[in-house]
2 protein chains.
Amino acid sequence: MKREFNWKLISKILGSLLIIESLFFLAAILVDLIYQENTAVYFLISMAFTLFSGIILLLIGHKSTPVVGKREGSFIVTSAWILFSVFGMMPFLLSGAIPKVEDAFFETMSGFTTTGASILNNIEELPHAILFWRSTTHWIGGLGIIVISMALLPVFGFSGMQVFSAEATGPTKDKIHPKISETAKRLLAIYISLTLAETVLLKLAGMSLFDAVCHSFGTIATGGFSTKQASIGYYNSPLIEYIVIFFMLFSGVNFSLYYFFLKGKFDKISKNEEFKTYLLIIISFTLIIVLLRIITDKPGISELEPVFRESLFVVSSIITTTGYVTVDFSLWPVYTWIMIIILMLIGSSAGSTAGGMKVMRVLLAFKYSYSSFKRMIHPNAVCPVRYSGHVLEENVVTRVLSFIILYIIIFVTGVLVLSLSGMGFLESVSGQVTCLSNVGPGLGTIGPTCTYSQIPVFSKYFLSFMMLVGRLELFTVLVILTPVFWKK
Amino acid sequence: MKREFNWKLISKILGSLLIIESLFFLAAILVDLIYQENTAVYFLISMAFTLFSGIILLLIGHKSTPVVGKREGSFIVTSAWILFSVFGMMPFLLSGAIPKVEDAFFETMSGFTTTGASILNNIEELPHAILFWRSTTHWIGGLGIIVISMALLPVFGFSGMQVFSAEATGPTKDKIHPKISETAKRLLAIYISLTLAETVLLKLAGMSLFDAVCHSFGTIATGGFSTKQASIGYYNSPLIEYIVIFFMLFSGVNFSLYYFFLKGKFDKISKNEEFKTYLLIIISFTLIIVLLRIITDKPGISELEPVFRESLFVVSSIITTTGYVTVDFSLWPVYTWIMIIILMLIGSSAGSTAGGMKVMRVLLAFKYSYSSFKRMIHPNAVCPVRYSGHVLEENVVTRVLSFIILYIIIFVTGVLVLSLSGMGFLESVSGQVTCLSNVGPGLGTIGPTCTYSQIPVFSKYFLSFMMLVGRLELFTVLVILTPVFWKK
């Protein structure tokens with residue numbers, strides 16, 4: 001029969017994670033010391049409160065047994081994201097930067113889930129430390145609270161493998177390293193390196209150091225929070241845009257490919273079908289948009305580069321589910337909206353910081369559909385689905401199909417809920433897909449140049465929940481709501 | 001190795017089917033003899049041309065071998081629908097009722113696929129025989145050209161089983177009778193009985209005999225063509241509306257249940273999960289819409305019945321993919337649009353004349369999703385999906401999932417194509433779903449009180465193709481477009 005739910009262990013792990021979060025507040029305090037905008041006190045209070053709560057939880061769980069199952073894993077990951085958001089919104093509320101609870105929760109959940117949807121209409125007026133903390137939630141979320149904790153948990157004497165299996169994005173099986181804490185350290189190293197590289201390049205390209213750091217956080221985490229209301233469009237700099245484009249695209253790649261790259265295992269990269277499909281989608285969607293814009297707008301030769309850059313930026317920003325903006329694509333023709341929604345649904349690679357269904361799953365669904373045609377004509381033939389040279393087991397394929405179907409069910413249900421809450425047709429459809437896939441901007445009144453401040457309070461909480469559901473790949477969160485989960 | 005594609009047999013069967021179609025023109029000629037509107041000559045020409053073509057095809061295939069496979073089955077069914085539409089649009093063109101080829105083809109394909117989407121803006125001005133032929137295309141399509149031919153094909157000395165497997169709607173396995181021609185005859189008897197019953201009731205409720213026959217054709221086939229521009233709303237009669245509601249709902253039921261009903265096998269009906277779910281969806285969607293309309297519109301006691309009737313009519317008309325209209329639901333709040341789109345996607349029962357994904361498939365997808373949660377918590381447990389008391393084999397479930405995924409892929413691709421052809425967002429989304437699911441009315445400028453006359457020419461042909469793809473359950477048509485189909 002089923003084991004007792006290990007509440008003590010859960011308390012211990014969540015306690016440790018809150019202590020880590022409290023340390024991140026320190027960085028914001030440092031930023032305030034530089035800019036002297038009197039927000040340090042709010043971060044100190046938040047930090048003290050978070051640290052205190054963390055210690056309490058740690059004490060409650062100090063006699064726990066190191067037994068952890070899938071149920072505890074799902075519960076820890078889901079609660080971690082919610083707790084991080086609840087404690088993480090404190091500075092916004094205390095400082096008055098975001099006065100309403102629903103807005104502060106939405107903004108913080110949007111940060112930790114690396115969505116980047118915002119309710120802020122006055123970004124430039126806010127203190128540096130507040131904006132820094134806002135971008136830091138992306139950075140923490142992007143790496144994954146759990147991946148961070150992977151390096152820490154072994155210190156407590158047990159393997160975090162089960163917890164990891166709930167968090168890992170996508171049906172990837174290529175393990176970087178058998179020891180999970182080593183894996184986490186290497187992922188962390190790659191993550192920090194990418195962040196530093198982009199920061200340096202953005203600084204060299206003309207951004208202030210502060211903006212460079214915040215935008216790097218937002219890019220590598222595929223988040224999308226900016227320090228400017230006009231997002232990347234503010235800088236009006238082709239160089240900055242290209243830098244952001246490339247780092248967004250880098251962040252949509254399975255991080256294990258970087259490890260293989262460093263180890264010189266280039267065949268592992270060239271054989272990776274998801275990577276090739278990812279590039280193919282980006283190239284084809286960009287070319288189609290450029291072509292159609294050339295046909296409709298008839299730009300001069302000198303305008304060709306901007307048309308190309310704008311289109312590539314949109315495609316990169318959307319498929320990587322980052323959500324940075326240089327141009328208001330809600331003013332583009334309707335077919336671009338549809339292409340954008342398709343890109344949002346697809347998302348980027350498994351094992352990246354991006355959201356969405358993931359290229360690998362969509363690719364498998366297409367392959368499986370095609371193999372159904374073969375089976376129809378040759379009912380007795382064996383038509384296996386191949387992926388990166390391997391024949392996939394039927395149960396892997398079925399799991400992928402059921403994920404996609406659940407994604408569609410949640411998508412449709414969410415659109416209905418949003419429309420019932422009073423949102424329009426375009427807003428319900430685009431709001432649901434952009435939040436579920438952790439992108440950020442939608443279409444219509446929640447488009448790239450607008451914010452979520454005007455949507456109903458209920459919709460804010462619902463979309464926050466959708467961000468969480470999408471970020472944790474549906475099952476992790478939703479399984480907790482099923483009777484099966486709690487049945488003895 | 002693969003057999004040669006049996007072209008001769010295909011020619012023979014298609015020839016026979018065209019001869020049958022030519023006979024149906026006779027009925028329209030009779031109608032013109034009654035109303036004396038000088039259209040008989042157009043039907044005579046169409047009939048002669050169709051009969052001649054049928055005989056030619058029959059002669060080409062007279063020495064065929066009675067060997068038929070899945071490939072021939074798909075090809076026959078798809079070509080039959082296309083040929084019927086090509087020959088069937090002749091009276092529209094010759095009489096000048098529909099002067100443009102793209103419009104005539106759209107209207108006829110919409111008829112034979114029992115979609116009911118129309119380009120006509122002057123229905124009341126058209127001759128009776130033309131309107132009668134238009135409704136007859138529904139009736140022919142609804143029963144299924146193939147089911148009609150089931151009673152004929154055995155005369156030619158071979159079993160139509162393979163052909164049938166390409167046409168049968170939905171993953172149903174409950175065979176009425178082992179002998180396929182007997183099955184076809186019984187289906188035909190039920191179909192004719194329902195048509196007669198509704199005709200009599202509509203006549204008694206105050207319709208003219210002509211209107212009663214045409215609307216029965218449109219209802220039992222779940223088509224939706226009316227003899228009035230304002231559809232059922234024209235009659236302004238609650239009694240007529242309730243009659244149409246009940247016959248629409250009857251037509252969305254698996255026809256084999258009627259056979260079981262007549263045989264007194266009531267347990268087969270009460271155990272049928274699809275039937276129960278179908279009723280549950282209708283009741284719950286109607287109640288939700290009624291409740292929300294009561295909350296928002298605050299109707300008086302005397303207005304409650306019309307609110308209920310209008311809501312039930314919309315739900316019944318949409319889920320059965322009929323598309324008759326009594327009220328302009330495009331003026332209703334956005335959440336009803338989403339509910340309508342969901343109903344369009346679901347459709348009715350397998351083995352009925354309705355379109356859509358079918359209740360059975362959607363139900364199985366939900367069951368499978370829920371069983372995925374169980375599997376997540378108990379990775380080693382066996383969590384089979386049960387349906388109507390039976391445990392389903394994994395490959396049945398996988399086939400259903402792959403159908404739904406293909407439906408989604410086609411849906412999304414179609415929306416993109418329509419938007420590229422110049423249609424708006426709401427029109428692209430609703431147009432694609434309403435045609436793919438063979439419903440008829442969409443939203444926005446193709447809403448219940450509008451027609452498809454103003455959409456681009458390309459979109460008309462594309463949507464005609466989508467009607468065909470949806471009507472023949474995706475694989476039948478699309479497999480012909482794959483290289484696998486033609487590879488030796």
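Being a predicted model, the structure only gives us computed values, none of them experimental. (Residues numbered from 1 in each chain as written. Chains lettered and ligands numbered in written order. Predicted model: local features only at pLDDT ≥ 70, side-chain atom pairs only at ≥ 80, totals over all residues. Heavy atoms only, no water.)

Trainee: Provide a residue-level description of the packing of helix 6 (residues 128–143) of chain B against helix 10 (residues 209–220) of chain B, including the pertinent values.
Mentor: All names here are of chain B. Close contact between helix 6 and helix 10 brings their axes to 7 Å; oriented N to C, the two are set at 25°. Here helix 6 is positioned roughly parallel relative to helix 10, judged by the angle of their axes. Crossing angle aside, the handedness with which helix 6 passes helix 10 is left-handed. From helix 6, His-128, Leu-131, Phe-132, Ser-135, Thr-136, His-138 and Trp-139 reach across to helix 10, where they touch Phe-210, Val-213, Cys-214, Phe-217 and Gly-218. (Axes fitted to C-alpha atoms, helices over the stretch in contact; angles between N-to-C directions. Helix = DSSP H or I, 4+ residues; strand = E, 2+ residues; numbered from the N terminus. Parallel < 35°, antiparallel > 145°, perpendicular 65-115°, else oblique. Left-handed = near helix turned anticlockwise from the far one by under 90°. Contact = heavy atoms within 4.5 Å.)

Trainee: Kindly report on the side chain of Thr-222 of chain B, identifying the contributing residues and their values.
Mentor: All names here are of chain B. Note on placement: Thr-222 falls in the loop between helix 10 and helix 11 (238–251). Exposure remark for Thr-222: the relative accessible area of 0% places this residue in the buried category. Those residues in contact with Thr-222 that lie beyond four places of it in its chain are Thr-114, Ser-251, Thr-320, Thr-321, Thr-322, Thr-353, Ala-354 and Asn-438. (Buried < 20%, exposed > 50% of the residue type's maximum accessible area, 1.4 Å probe, protein only.)

Trainee: Give a detailed account of the state of the cysteines, specifying residues and quantitative values.
Mentor: All names here are of chain B. The full count for this structure, using the stated rule, is zero disulfides over all chains. Among the cysteines around Cys-435, which has no disulfide bond, Cys-450 carries the closest sulfur, lying 14 Å off. A relative accessible area of 0% means that Cys-435 is categorised as buried. (Disulfide = S-S within 2.5 Å.)

Trainee: So what's going on with the packing of aromatic side chains? Residues and values would help.
Mentor: Taken as a whole, this structure holds 63 aromatic pairs over all chains when the rule is applied. Measuring from centroid to centroid gives 4.8 Å for Phe-485 of chain A and Trp-486 of chain A, while their planes differ by 70°, and the two rings are edge-to-face. Residue class for Phe-485 of chain A comes out buried when judged on its relative accessible area of 0%. The class of Trp-486 of chain A is partly exposed, set by a relative accessible area of 40%. A centroid spacing of 6.1 Å and a plane angle of 90° characterise the contact between Phe-75 of chain B and Trp-486 of chain B, whose relative ring orientation is edge-to-face. (Phe/Tyr/Trp six-rings, centres within 6.5 Å; stacked < 30°, edge-to-face > 60°.)

Trainee: With reference to specific residues and values, describe the environment of Ser-316 of chain B.
Mentor: Residues and elements named next belong to chain B. By the element assignment, Ser-316 lies in helix 15 (residues 304–319). By relative accessible area, Ser-316 is classed as buried at 0%. Residues Ser-316 and Ile-269, spaced 47 residues apart in sequence, show a C-alpha to C-alpha distance of 20 Å. With sequence-adjacent residues up to four places away left out, Ser-316 is seen in contact with Ile-245, Met-248 and Leu-249. Within the structure, Ser-316 has its side chain in polar contact with the backbone oxygen of Leu-312 (distance 2.6 Å). (Polar contact = N/O pair within 3.5 Å; in protein donor to acceptor, adjacent residues only side chain to side chain.)

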